[in-house]
Amino acid sequence: MPFITLTTVDLMFRMIVAAALMMASQIAVAQLSFDLPPIEYSTTAPTDPVAKLNAKVASGDLVLQRDAKFGYLPALLEVLQIPLSSQTLVFSKTSMQRHLISPANPRAIYFNDQTYVGWVPHGEVIEISSTDPMLGTTFYTIEQYSPRRQMRISRRTERCLFCHASSDTGRVPGLLMQSTYTDLDGHRVMPVDSIWPKSSGPLQTRWGGWFATGTHGQQSHLGNLMIDSGDIVTDDIELNNGNVSELSKWFDVTTYPSPHSDLVALMVLEHQVTMHNRLTDTNHRVRHLIRSAEITNQEQGRVKSFLTAEEIIMIDQLAEDLVDTLLMVGALKFSEPVLGSSQFGKEFSAIGPVSAKGKSLRTLDLQRRLFRYPCSYLIYSDSFAALPEQVKTQSIKRLAAVLNGVDVREKYSHLSSEDRVAIREILRSTKPEFAL
């Protein structure tokens, strides 16, 4: 990777452009459809795991104990069943507590299939994103140093949605995981080739602004990489940013519950962000389409469930896009094996469910790709189950066509015949209602 050079004029211009784009996205939030019927995001009571936890805390049925060093973080991770090994560390100033974040004091992200917890040493709040089957991503904070005797979980909407309902999330309440060049203080810098990857992006575009521990051979990435005050990548960081086993040369790892920012956890996180956003986008689009159709049908005296040929085509296209994401079309291929630095991979794969033949969609490959069987485990999620029947049924039909070898288009060429048989067997065994 060549040295990166930035002139002061270039940097100032790009910062101005970035600020203008941010302002435009903030204005656009007010015009988005997620607060209109049938979604009504801001006024609908969520049912995600954190909402359920909040109800228990508010009623006094559950009390979370505050740790002297980490605040409510350990108790929160335990009650939400979020593994400590999922810790990933981001040092770009990309959250509401950006004033605290830097390479010397990165922000930690912990996650399971439904919920994401953000914590930074000395942070005023713990930031939480959770996945509601009907609303999409919901946002909460917990005050770490509140004078109140009772801990409180507060739902957040407007402030979080400035960024989390932008074009980067598909204009729905969603998740963000960006990769961007970052200076030695954690400020984003904007050279021409700044990277904003999806989970299908190549490894060399990933993890700018993040720490990454683990091994990956000669493959390169942007993790552990900083641009110095002279506008070039320092020799030390440029030559040694990969294949990192520990992070103590950048910050005091003892201030965190775990010393890792496991690259396998980073890749799983990237997949989840993409998949959750796709599920929310599909859910919202189809529900809006159906509501519009129902209004038109009532006006024209047709049966409520009638769909025009155009509307059926639109639902079919959304189903295809969803299946493409489920089957990881365009996902990263490794040129060499990769290996994480923590127990994350082992713990993640052990969760299941497991087929009658002992196979699981959570089995990691790490030799040539991330997952052994390229079909997202989030097919088991409440978000998938809550999809409108019209698009869910069509998605299952399309999935069956691919797995049964009927749809053999080039974009599915990453699925060998053995892959298709294995995925079909897993789904038949663990989700028999699919009837694949």
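Above this text sits the structure in question.
Just so we're clear, the structure is a prediction, and the values are computed from it rather than from any experiment.

Draft legend 1. Local environment of the environment of Gln 219. Along the chain, the position of Gln 219 falls in the loop between strand S8 (214–215) and helix H5 (235–240). When the C-alpha atoms of Gln 219 and Asn 243 are compared, they prove to be 9.3 Å apart, with 24 residues separating the residues in sequence. In this view, Gln 219 contacts Leu 203, Phe 334, Ser 335, Glu 336, Pro 337 and Val 338; residues no more than four positions away in its chain are not counted. Among the polar contacts listed, one links the side chain of Gln 219 to the backbone oxygen of Glu 336, at a separation of 3.0 Å.

Draft legend 2. Expanded view of the side chain of His 260. The topology assignment puts His 260 in the loop between H5 and helix H6 (263–299). At 3.0 Å, the side chain of His 260 and the side chain of Ser 341 are in polar contact. Setting aside its immediate chain neighbours within four residues, His 260 contacts Gln 87, Leu 89, Thr 213, Ser 341 and Ser 342.

Draft legend 3. Structural view of the side chain of Thr 213. Take Thr 213: it is sitting in the loop between strand S7 (210–211) and S8. A relative accessible area of 0% places Thr 213 in the buried class. Other than its neighbours up to four places away in sequence, Thr 213 contacts Val 244, Ser 245, Leu 247, His 260, Ser 261, Asp 262, Leu 263 and Ser 341.

Draft legend 4. The sheet that holds strand S5 (residues 136–143), seen in detail. Taking strand neighbours across the sheet as the criterion, the seven strands line up as S6-S5-S4-S3-S2-S1-S7 in an open arrangement whose pairing is antiparallel. Single-partner strands in this sheet number two, and they are strand S6 (153–156) and S7. In the packing of helix H2 (residues 49–59) onto the sheet, the strands contacted are strand S3 (115–119), strand S4 (125–132), S5 and S6, and the crossing angle to S4 comes to about 120°. Docked against the sheet, helix H3 (residues 73–80) engages strand S2 (107–111), S3, S4 and S5, running at close to 175° with respect to S3.

What counts and what doesn't
- Residues numbered from 1 in each chain as written.
- Predicted model: local features only at pLDDT ≥ 70, side-chain atom pairs only at ≥ 80, totals over all residues.
- Heavy atoms only, no water.
- Helix = DSSP H or I, 4+ residues; strand = E, 2+ residues; numbered from the N terminus.
- Contact = heavy atoms within 4.5 Å.
- Polar contact = N/O pair within 3.5 Å; in protein donor to acceptor, adjacent residues only side chain to side chain.
- Buried < 20%, exposed > 50% of the residue type's maximum accessible area, 1.4 Å probe, protein only.
- Pairing = 2+ DSSP bridges.
- Axes fitted to C-alpha atoms, helices over the stretch in contact; angles between N-to-C directions.

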